[in-house]
Amino acid sequence: MNTGNDLVGVVAASGVAVQLDRLTKTYEEGGARHFILRQASVRFEGGRCTVILGRSGSGKSTLLNLVSGIDVPDEGRVTVGDTVLTGLGEQARTLFRRDRIGIVFQFFNLIPTLNVLENVMLPQELAGMGSRQARDRARDWLSRVSLAERERAMPDRLSGGEQQRVAIARALAHDPDVILADEPTGNLDAQTGQQVLDLLMALARASGKTLIMATHSLEAAPLADAVYTVRDGRLEPARS
Amino acid sequence: MILRLLRLSLRYLVHHRLQCALLLLGIALGVAVVVAIDIANDSARRSLELTVESLGGAATHRIVAGPGGIEDAVYRHLRVDLGLTDCAPVLDDYVSCLTFHGRMMRLLGIDPFAEGPFRRYLAGKGGVTPVGDLTRLLTTPETVLLSADLAKRYHVRSGDFLNVQRGSRIVRLCVVGLLDAHDDLTRRALSGLLIADISTAQEVFSQPHRISSIDLVVHSRARCDQIRRELPPGLRVESVNRRASALEQLTDSFESNLQAVSLLTLVVGIFLVYNTVTFFVVQRRSLIGILRALGVTRQQIFSWIVLETLVLGVLGTTCGLLLGVLLGRAAVGLVTRTINDLYFVLTVTDTRISTQSLLKGTIVGLAASLLSALVPAWEATMVAPVGVLRRSTLEGRVQRAVPWLTLAGVGGTAAGWTLLLLPSRSMELAFGGLTLEFVGVALLVPLAVVVVMRPLAWLATRLFGIVGRIAARNVVRSLSRTAVAVAALMVAISVIIGIDVMVGSFRQTVVDWLGTVLAADVYVTTPSGTASRYDSFDVATVEALRRLPGVRSVDTARNVRMETRYGMLFVFAVTDNPSRTRRFLWTEGDVGKRLQQGAVIVSQPFAWRHPVRPGSVLELPTDHGVHSFPVVGVYYDYGTEAGIVTMLAPVYHRWWNDREVSSIALRLSHGVDPDVFAAMLRRRLGGRMAFEVMSNRGLRKSAIEVFDRTFAITSALRGLVTFVAVIGLLGTLMALQLERRREIGTLRAVGVTVRQLAAGIVLETGMLGFLAGLLALLPGWALAWALVFVVNPRSFGWTFAFLPHPWQFVSALLLATAAGVLAGVYPAWRFSRMRPAEALRVE
């Protein structure tokens with residue numbers, strides 16, 4: 001398996017900054033309003049790897065959902081590069097996400113009816129890229145995550161680590177500006193989790209992407225350029 | 001423990017109201033259709049009994065004669081010379097009551113003095129209170145009694161006049177009294193009757209000194225034989241029960257066919273319930289795994305799922321019973337109308353909701369629920385404790401089972417066809433064969449889905465890109481669910497094709513047959529068209545028509561319903577030799593010549609029901625005693641399944657003292673427009689005589705209308721089967737999409753737009769529908785073939801041309817695809833509205 005160090009310098013840097021301004025997200029339960037995020041403001045610099053630490057249920061995933069446009073805040077503004085995401089409608093947010101965001105999920109979330117190669121091709125095909133070009137690029141990314149041999153395999157035939165490597169390839173293959181990783185090692189054993197973490201960090205750095213990773217695992221922190229914590233709905237820098 | 005588990009069920013079901021509603025709907029619709037048809041059949045049968053009973057009362061036997069009726073001297077002889085006290089003369093037939101907006105009523109002419117032991121309602125017994133001066137019935141001519149209910153409905157009071165039409169005559173009758181029935185049975189028996197003194201009836205029917213039958217109460221065979229010996233030739237004694245059962249036998253086939261289609265709706269309903277219960281299990285796999293880890297045994301899991309379904313089954317069945325009663329009320333009208341058109345005029349129509357029908361519906365509903373729950377419950381017991389069975393593992397099992405299912409399917413289909421092709425007349429074998437064939441074909445569906453989806457997936461990818469590819473693969477990936485939904489829809493679409501082709505073929509055959517049989521330009525018939533002996537024209541009328549300018553030639557037909565040893569049949573006496581206009585199945589010698597010599601030909605349904613072969617003879621009761629008529633041919637006839645014996649008019653006149661005519665066929669001179677002539681005839685004769693004048697075209701149209709009415713209920717049932725199947729498909733799709741919730745969230749997260757997602761879902765459901773339609777083409781064709789060549793001949797004795805039309809198959813395919821697309825609209829709408837964050841939160 002490749003490690004991150006082998007991949008440095010493969011792709012030119014293209015990450016953009018992500019700016020969050022006074023983000024608030026709440027939910028209602030039993031008539032009471034609970035804050036997930038409360039007036040959170042931060043700037044994630046372009047091309048840097050940021051780790052967001054916090055306990056389960058602290059609001060890390062919500063934060064990533066707001067950055068990707070999967071969810072919308074009650075208040076505040078999300079700006080990715082020069083695009084104010086919170087000013088866009090549902091359709092525009094989807095298209096923005098398709099073109100400029102790559103996501104890695106805790107449970108891999110590969111499409112079970114598509115094989116490994118097709119899963120990696122998915123965002124590119126959605127973006128309208130030609131089949132041949134999408135296939136070439138997907139193969140290239142599969143070889144970078146050392147899964148070239150398994151391109152015909154269906155997701156349920158892969159181990160957890162392999163599935164997550166496919167998910168990483170899928171997140172990067174369409175050359176997004178920002179990669180969001182939500183507990184990417186949360187469903188893996190320690191050794192595999194470390195390998196996946198190394199790979200993700202290395203690929204993100206090598207391609208110059210902005211990586212924002214939410215995790216409750218402290219092992220990711222030393223590898224990051226910046227570390228934030230989410231506590232009581234507030235985002236605080238632990239190291240920047 | 002089970003109760004605690006059921007409490008879990010309650011919470012789950014409250015959260016999954018839509019699926020719960022679909023399951024209830026599946027059971028309810030299946031039960032409703034079965035109950036409705038049962039109620040309709042039961043009511044029709046009861047109407048038949050009541051109609052017979054209203055005429056016969058407590059009579060055990062009846063003396064009957066040919067179409068000429070009985071001299072009333074015979075009655076006097078029995079009463080006075082033989083001292084037979086328990087006998088009563090009757091003269092009855094239909095009249096059209098103009099005051100009741102043309103409603104057909106039975107005019108029952110009786111002798112009030114002799115009625116004591118018979119129709120108790122006339123003797124002030126049996127819960128009937130006579131209202132008004134009943135003695136006037138005896139003393140005043142042209143008076144009638146009728147039920148108080150009927151009088152109230154039509155705002156008629158004692159002393160008012162009713163206009164009744166009999167053949168071409170209109171008679172004014174005075175209502176001299178009302179009969180107020182206290183019990184329901186009598187009220188219903190009276191609802192189609194006008195009761196008159198026999199002399200009034202003789203006047204209305206223009207039958208002086210004649211009666212139609214003599215009712216008897218005879219309890220010993222010896223007495224019966226003694227009476228028989230005293231009767232003049234042409235008269236015979238028959239049991240009242242035998243007559244009623246002969247009528248019931250006639251309608252049996254019609255009713256059993258309806259029941260078969262209703263059971264098919266239930267089968268489709270079972271598919272639906274099975275699907276939903278399976279979905280319930282699938283969605284709770286992790287819960288079941290946890291429960292198993294906590295110590296809940298496999299048996300408890302099994303009992304839990306079965307009980308849960310049974311509880312829902314009770315609810316669904318209750319709803320089904322209520323819906324069935326409502327549908328049943330509507331269906332009664334359709335069934336009795338068909339019986340009126342084809343078999344026998346029911347003057348009494350009422351909806352009877354018997355405990356038996358409701359019990360049958362309850363058993364059917366609960367059994368269907370139980371049956372549907374068995375496999376999913378077993379599947380639930382296979383869930384490993386905590387280690388949740390992967391969906392792919394489950395589907396893997398199904399994929400591995402495909403060869404075995406295919407083998408079973410081939411076996412089932414082969415066994416079905418073997419039963420269908422066995423040389424037998426058994427309807428049970430025919431329906432058993434059809435059921436096996438359907439089960440067999442349904443078992444072939446998984447393989448067919450896998451095979452057909454390959455090219456479809458390629459096409460979908462080409463046309464819709466990655467969304468098309470995912471949609472197509474989902475169909476195969478969820479084979480355990482999609483195959484059941486496709487099978488249910490396939491069965492429904494096959495039924496549609498089968499019935500459409502059968503009805504279409506039958507209709508075309510009837511149209512062609514009418515073309516050959518109706519050779520004249522204009523037909524003049526009596527208005528009621530009941531083929532009764534007194535509903536007729538006299539010879540003078542025929543001659544008057546013959547002399548009309550523009551008329552080239554005239555042919556007449558006498559159509560008489562007759563009770564014979566073969567049951568009820570129609571004797572058709574024609575002046576135009578039928579050897580020229582009929583198509584024959586078989587003939588013996590020169591039919592035209594043999595007919596002139598006194599032979600007869602019989603219709604195909606008659607020949608089917610009775611072993612008529614070349615050289616057979618038919619024993620018919622004539623006015624000169626029973627006579628054996630040689631049969632020289634069997635001809636195609638689609639007029640009635642009751643059976644027709646056709647002879648030439650001179651032969652009929654030789655054996656029956658009846659010179660009346662039921663219908664007149666006019667051939668017009670060259671250049672005379674039949675429609676213009678018919679209109680002219682209506683204008684000229686309309687004021688003085690009651691005629692139905694129809695041009696050839698008009699008569700064909702009218703005959704086809706009757707045909708279409710006959711199949712109205714079949715079409716309604718066909719629609720219901722489709723509805724149940726579409727609901728089933730919707731349920732399956734909802735289930736499938738809910739299972740894919742996280743996948744849908746992922747797709748939205750990686751950039752699939754709302755429109756693409758909706759298109760993908762609708763594409764998937766459309767493909768399922770298309771697949772079901774495609775797979776239904778062959779079984780649909782086979783069903784049509786079996787209906788035409790096996791079921792119809794065995795049920796009704798008819799054979800007709802097999803005339804499938806490509807459009808019937810294309811439209812079924814389109815309908816299936818449309819049903820699929822329609823079933824996808826709601827899931828597409830629902831999942832399009834779901835926020836991706838919400839869908840992803842499932843994990």
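Quick caveat: nothing in here was measured; it's all calculated off a predicted structure.

Participant: Go over the overall build of chain A with me, naming the residues and quoting the values.
Facilitator: A tally of helices and strands in chain A yields six helices and 10 strands. The C-alpha radius of gyration of chain A comes to 17 Å, within 12% of the 18 Å expected for a compact globule of 240 residues. Counting only C-alpha atoms, chain A reaches 50 × 40 × 35 Å along its principal axes. Relative to all contacts within chain A whose residues are 6 or more apart in sequence, the contacts with residues 24 or more apart total 69%. Of the roughly 9700 Å² of accessible surface on chain A, 44% is carried by carbon and sulfur atoms. Taken together, the 28 basic and 29 acidic charged side chains of chain A have centroids lying 2 Å from each other.

Participant: Describe the sheet that holds strand 1 (residues 18-29) of chain A, listing the residues and the values that go with them.
Facilitator: All names here are of chain A. Within the open sheet, the four strands sit side by side as 2-1-4-5. Their pairing is antiparallel. Edge positions in the sheet fall to strand 2 (32-44) and strand 5 (83-84), since each has one partner strand and no second. Across nine bridges, the pairing between strand 1 and strand 2 is antiparallel. Looking at strand 2, one finds that Gln19 is bridged to Arg43. Here helix 1 (residues 60-68) sits on the sheet and contacts strand 1, strand 2 and strand 4 (75-80); the angle it forms with strand 1, its principal contact strand, is near 125°.

Participant: Residue-level account of the environment of Asp225(B), with values.
Facilitator: Residues and elements named next belong to chain B. Positionally, Asp225 belongs in helix 8 (residues 221-230). Residue Asp225 is classed as partly exposed on the basis of its relative accessible area of 28%. Spatially, the C-alpha atoms of Asp225 and Leu190 are 32 Å apart, while their sequence positions differ by 35 residues.

Participant: Can you explain the interface of chain A and chain B? Please cite residues and give values.
Facilitator: Facing 26 residues of chain A, the contacting portion of chain B comprises 25 residues. Here chain A packs against chain B, burying approximately 2400 Å² in sum over the two surfaces, 57% of which is carbon and sulfur. On the chain A side of the interface with chain B, the three residues burying the most area are Ile70(A), Thr113(A) and Leu126(A), jointly 22% of the side's total. On inspection of chain A and its partner chain B, the count reaches five salt bridges. Residue Arg835(B) pairs with Asp71(A) through a salt bridge whose shortest N-O separation is 2.8 Å. For the pair chain A and chain B, the number of links is nine residue pairs in polar contact (both at pLDDT 80 or more). Elements that contribute at least two residues to the side of chain A that touches chain B include exactly helix 2 (90-100) and helix 3 (116-126) of chain A. Partitioning the side of chain A that touches chain B into residue classes produces 10 nonpolar, seven polar and nine charged.

Participant: Any chance you could break down the state of the cysteines for me, citing the residues and the numbers?
Facilitator: Joining two cysteines, a disulfide is a covalent bond between their sulfur atoms. Residues and elements named next belong to chain B. Taken as a whole and assessed by the stated rule, the structure comprises zero disulfides over all chains. Just so you know, Cys20 is unpaired, no disulfide at all, and the nearest cysteine sulfur is the one on Cys319, 10 Å from it. With no disulfide of its own, Cys97 lies 13 Å from the sulfur of Cys174, the closest cysteine sulfur.

Participant: Explain the pairing of strand 9 (residues 193-197) of chain B to me, and be specific about the residues and the numbers.
Facilitator: For a regular strand, the rule is simple: side chains alternate between the two faces of the sheet. All names here are of chain B. Along strand 9, five of the five residues are buried, which leaves the element largely enclosed by surrounding structure. Burial along strand 9 is two-sided: Leu193, Ile195 and Asp197 facing one way and Leu194 and Ala196 facing the other are all buried. Across five bridges, the pairing between strand 4 (residues 103-110) and strand 9 is parallel. Paired with Arg106 across the bridge in strand 9 is Leu193. As paired elements, strand 6 (residues 143-147) and strand 9 share two bridges and run antiparallel to each other. Each residue of the ladder has a partner; that of Leu145, found in strand 9, is Ile195.

Participant: Describe helix 24 (residues 754-796) of chain B, naming the residues involved and giving the relevant values.
Facilitator: Residues and elements named next belong to chain B. By the largest-angle criterion, Leu787 marks the main kink of helix 24, which is about 40°. Extensive coverage of helix 24 is indicated by the burial of 31 of its 43 residues. Phi turns positive one or two residues past the end of helix 24, at Gly797, with a value near 85°.

Participant: Talk me through the side chain of Thr79(A); I want residue IDs and the actual numbers.
Facilitator: Residues and elements named next belong to chain A. As for its position among the elements, Thr79 is in strand 4. Owing to a relative accessible area of 13%, Thr79 belongs among the buried residues under this scheme. Not counting chain neighbours up to four residues away, the residues in contact with Thr79 comprise Ala17, Val18, Gln19, Val84 and Leu85.

Participant: Give a detailed account of the side chain of Ser357(B), specifying residues and quantitative values.
Facilitator: Residue and element names in this part refer to chain B. Along the polypeptide, Ser357 turns up in helix 12 (residues 355-381). Separated by 2.9 Å, the side chains of Ser357 and Asp38 make a polar contact. Once residues lying within four places of it in the same chain are set aside, the contact partners of Ser357 are Val35, Asp38, Ile39 and Asp42.

Participant: Explain a nonpolar patch on the surface residue by residue, including any values.
Facilitator: All names here are of chain B. Residues Leu370, Leu371, Leu374 and Val375 make up a contiguous nonpolar surface patch of about 320 Å² in total accessible area. With respect to the helices, strands and loops of the structure, Leu374 is situated in helix 12. Judged by relative accessible area, which is 37%, Leu374 ranks as partly exposed.

Participant: Any chance you could break down the packing of aromatic side chains for me, citing the residues and the numbers?
Facilitator: When we look at a pair of aromatic rings, we describe it by the centre distance and by the angle of the planes. A complete count under the given rule lists 13 aromatic pairs over all chains for this structure. Members of the aromatic cluster, each reached through a chain of ring pairs, are Trp417(B), Trp781(B), Trp785(B), Phe789(B) and Phe802(B). The ring of Phe35(A) has Arg38(A) sitting right over it, with the charged end atom 4.2 Å from the ring centre. The ring of Phe161(B) has Arg172(B) sitting right over it, with the charged end atom 4.2 Å from the ring centre.

Participant: Outline the environment of Val375(B), supporting the account with residue identities and numerical values.
Facilitator: As for its position among the elements, Val375(B) is in helix 12. As for Val375(B) and Thr765(B), which are separated by 390 residues in sequence, their C-alpha atoms are 25 Å apart.

Participant: Now, about unusual backbone geometry: what can you tell me, with residues and values included?
Facilitator: Residue and element names in this part refer to chain A. Backbone geometry at Arg22 places phi at a positive 45°, although glycine is not the residue there. Note that Arg22 resides in strand 1. Positive phi values are uncommon outside glycine, yet Ser146 reaches one of about 60°. Inspection of the secondary structure puts Ser146 in the loop between helix 4 (131-144) and helix 5 (160-173). Residue classification places Ser146 among the partly exposed residues on the basis of a relative accessible area of 30%.

Participant: Describe helix 1 (residues 2-15) of chain B, with residues and values.
Facilitator: All names here are of chain B. Here helix 1 contains 14 residues, and its C-alpha end-to-end distance of 20 Å stays within 8% of the 20 Å for a straight helix at 1.5 Å per residue. Leu5, Leu6, Ser9, Tyr12 and Leu13 are the residues of helix 1 that are buried. Looking straight down helix 1, one finds that the buried residues subtend no more than 115° of arc, so they occupy a single side. Exposed residues lying more than 90 degrees from the buried face of helix 1 are Leu3, Arg4, Arg7, Leu10, Arg11 and His15.

Participant: Tell me what's going on with the packing of helix 24 of chain B against helix 25 (residues 806-833) of chain B, and back it up with residues and numbers.
Facilitator: All names here are of chain B. Their axes nearest at 7 Å, the elements helix 24 and helix 25 cross at an angle of 150°. With respect to helix 25, the element helix 24 is oriented roughly antiparallel. Note that helix 24 runs across helix 25; the crossing there is right-handed.

Basis of the calculations
Residues numbered from 1 in each chain as written. Chains lettered and ligands numbered in written order. Predicted model: local features only at pLDDT ≥ 70, side-chain atom pairs only at ≥ 80, totals over all residues. Heavy atoms only, no water. Helix = DSSP H or I, 4+ residues; strand = E, 2+ residues; numbered from the N terminus. Rg over C-alpha atoms; globule rule 2.2 N^0.38 Å. Contact = heavy atoms within 4.5 Å. Areas by Shrake-Rupley, 256 points an atom, 1.4 Å probe, with all protein chains shown as cover. Lys, Arg positive; Asp, Glu negative; His and termini not counted. Charge placed at Lys NZ, Arg CZ, Asp CG, Glu CD. Pairing = 2+ DSSP bridges. Axes fitted to C-alpha atoms, helices over the stretch in contact; angles between N-to-C directions. Buried < 20%, exposed > 50% of the residue type's maximum accessible area, 1.4 Å probe, protein only. Buried area = accessible area lost by both parts, 1.4 Å probe. Salt bridge = Lys/Arg side-chain N within 4 Å of Asp/Glu carboxyl O. Polar contact = N/O pair within 3.5 Å; in protein donor to acceptor, adjacent residues only side chain to side chain. Nonpolar A, V, L, I, M, F, W, Y, C, P; charged D, E, K, R; others polar. Disulfide = S-S within 2.5 Å. Bend = angle between axes of the 7 residues up to and from the residue. Patch = residues over 30% accessible without salt bridge, like charges linked within 9 Å, V, L, I, M, F, W, Y side chains within 5 Å. Phe/Tyr/Trp six-rings, centres within 6.5 Å; stacked < 30°, edge-to-face > 60°. Lys NZ or Arg CZ within 6 Å of the ring centre and 35° of its normal. Expected span 1.5 Å × (residues − 1). Arc of directions from axis to C-beta. Parallel < 35°, antiparallel > 145°, perpendicular 65-115°, else oblique. Left-handed = near helix turned anticlockwise from the far one by under 90°.

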